[in-house]
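Observations on the three-dimensional arrangement
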Amino acid sequence: MNLEKCNTIFQKISINECSFGKGVFASQNINKGEAILRFTGKVISLDEALAKGEKQANVLQIDTTKYIDIEEPGVTVNHSCNPNAGIFKTTVLVALISIYKGEEIFYDYSTTMSENLWTMECKCLSINCRKVIKDFHYLPPNVKKRYLDLGTVQDFIVGEHKQRTQILIAKIYPSLKIGLGVSNNYCDWELAKNCE
Ligand SMILES: [Zn+2]
């Protein structure tokens, strides 16, 4: 699958009414790994995203201070704490499992969030519902790992996560003198002693 060549809208979805208002549904069976849609819209700043108030749920964070003001159909994709799709390559929604005709399509909003400004109550009713949707860094460790392993976390958040892990390791094992304050280069465990 070449995600770079995905067109704006794919043919296997429809927008229908659902318990959250509107949602994106599979109009045909969608295979695991198949691209579903690309999130499109004007790129806006953090200030412009904040100015949207309640409608901040309608933006997609793509960098520390950059957002896409999402248009349909992407803007109607709802959140789930147990999603059947995830975002890859910043803007492409891909099926994480097989999705059958008639099923609603969800991704986990936390995989794109890191700004410490916005939270949303969650009513997804999943068995593992977190009740409040927060930034990626607040996810339970096992959930974080799963999304990182799948590759469905925005690149800038993956970078932040690596840096935070590095800081944490340095705090727990200060004698190793890993990373920050010593060098900006990432030092792995074996090389740590040579990083001074
Ligand atoms: Zn939930």
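**Overview of the overall build of the chain**
A count of helices and strands for the chain gives three helices and twelve strands. Intrachain contacts of the chain at a sequence separation of at least 6 include 57% that bridge at least 24 residues. When the accessible surface of the chain is totalled, it reaches about 11200 Å², and 51% of it is carbon and sulfur.

**A closer look at the coordination of the zinc ion**
The protein atoms donating to the zinc ion are C81 (SG), C122 (SG), C124 (SG) and C129 (SG), with metal-donor distances spanning 2.3 to 2.4 Å. Classification of the site at the zinc ion rests on its four donor atoms, whose angles at the metal span 106 to 117°, yielding the label tetrahedral. All donors to the zinc ion come from one chain, and their sequence spacing reads C-x40-C-x1-C-x4-C. Both residues of the pair, C122 and C129, count as buried.

**Topic: helix α2 (residues 141-150)**
The complete set of buried residues in α2 reads V143, K144 and Y147. One side of α2 holds all its buried residues, which, seen down the axis, span an arc of 100°. Residues of α2 that are exposed and angled more than 90 degrees away from the buried face: P141, N142, K145 and D149.

**Quick notes on the sheet that holds strand β9 (residues 92-95)**
Pairing within the open sheet is antiparallel, and its three strands lie in the order β3-β9-β8. Each edge of the open sheet carries a strand with a single partner, namely β3 (35-38) and β8 (85-88). Taken pair by pair, the neighbouring strands of this sheet meet at an average axis angle of 30°, ignoring direction. The sheet contact formed by β3 and β9 spans three bridges and is antiparallel. Bridge pairing in β9 places R38 opposite V92.

**Overview of the nonpolar core**
Counting 27 residues, the largest nonpolar core has I36, F39, L93 and I105 as the members making the most contacts within it. Those elements that place two or more of their residues in this core are β2 (21-26), β3, β5 (59-63), β6 (66-70), β8 and β9. Counting seven residues, the second largest nonpolar core, distinct from the first, contains F136, V143, Y147 and V153.

**Considering the side chain of E115**
Inspection of the secondary structure puts E115 in the loop between β10 (106-107) and β11 (120-121). For the buried E115, no salt bridge exists, and the shortest N-O distance to an oppositely charged side chain is 12 Å, to R164. Of note is the side chain of E115, whose polar atom sits 2.5 Å from the side chain of Y67. Once you skip the residues sitting within four places of it in the chain, E115 turns out to touch Q61, Y67 and D135.

**Some points on the packing of aromatic side chains**
As enumerated under the stated definition, the model contains two aromatic pairs in all. Look at F39 and Y107: their rings are 5.5 Å apart centre to centre, the planes differ by 70°, and that puts the pair in the edge-to-face class. In this pair, F39 is assigned in the loop between β3 and β4 (41-45) and Y107 in strand β10, connecting sequence segments 68 residues apart. Both residues of the pair, F39 and Y107, belong to the buried class. Ring geometry for Y107 and Y109: centres 5.0 Å apart, planes at 45°, overall tilted.

What counts, and where the lines are drawn
- Residues numbered from 1 in each chain as written.
- Predicted model: local features only at pLDDT ≥ 70, side-chain atom pairs only at ≥ 80, totals over all residues.
- Heavy atoms only, no water.
- Helix = DSSP H or I, 4+ residues; strand = E, 2+ residues; numbered from the N terminus.
- Contact = heavy atoms within 4.5 Å.
- Areas by Shrake-Rupley, 256 points an atom, 1.4 Å probe, with all protein chains shown as cover.
- Donors = N, O, S within 2.8 Å, 3.2 Å for Na, K, Ca; no water.
- Tetrahedral: all angles 85-135°; square planar, octahedral: opposite > 155°, others 65-115°.
- Buried < 20%, exposed > 50% of the residue type's maximum accessible area, 1.4 Å probe, protein only.
- Arc of directions from axis to C-beta.
- Pairing = 2+ DSSP bridges.
- Axes fitted to C-alpha atoms, helices over the stretch in contact; angles between N-to-C directions.
- Core = buried A, V, L, I, M, F, W, Y, C linked by side-chain atoms within 4.5 Å.
- Lys, Arg positive; Asp, Glu negative; His and termini not counted.
- Salt bridge = Lys/Arg side-chain N within 4 Å of Asp/Glu carboxyl O.
- Polar contact = N/O pair within 3.5 Å; in protein donor to acceptor, adjacent residues only side chain to side chain.
- Phe/Tyr/Trp six-rings, centres within 6.5 Å; stacked < 30°, edge-to-face > 60°.

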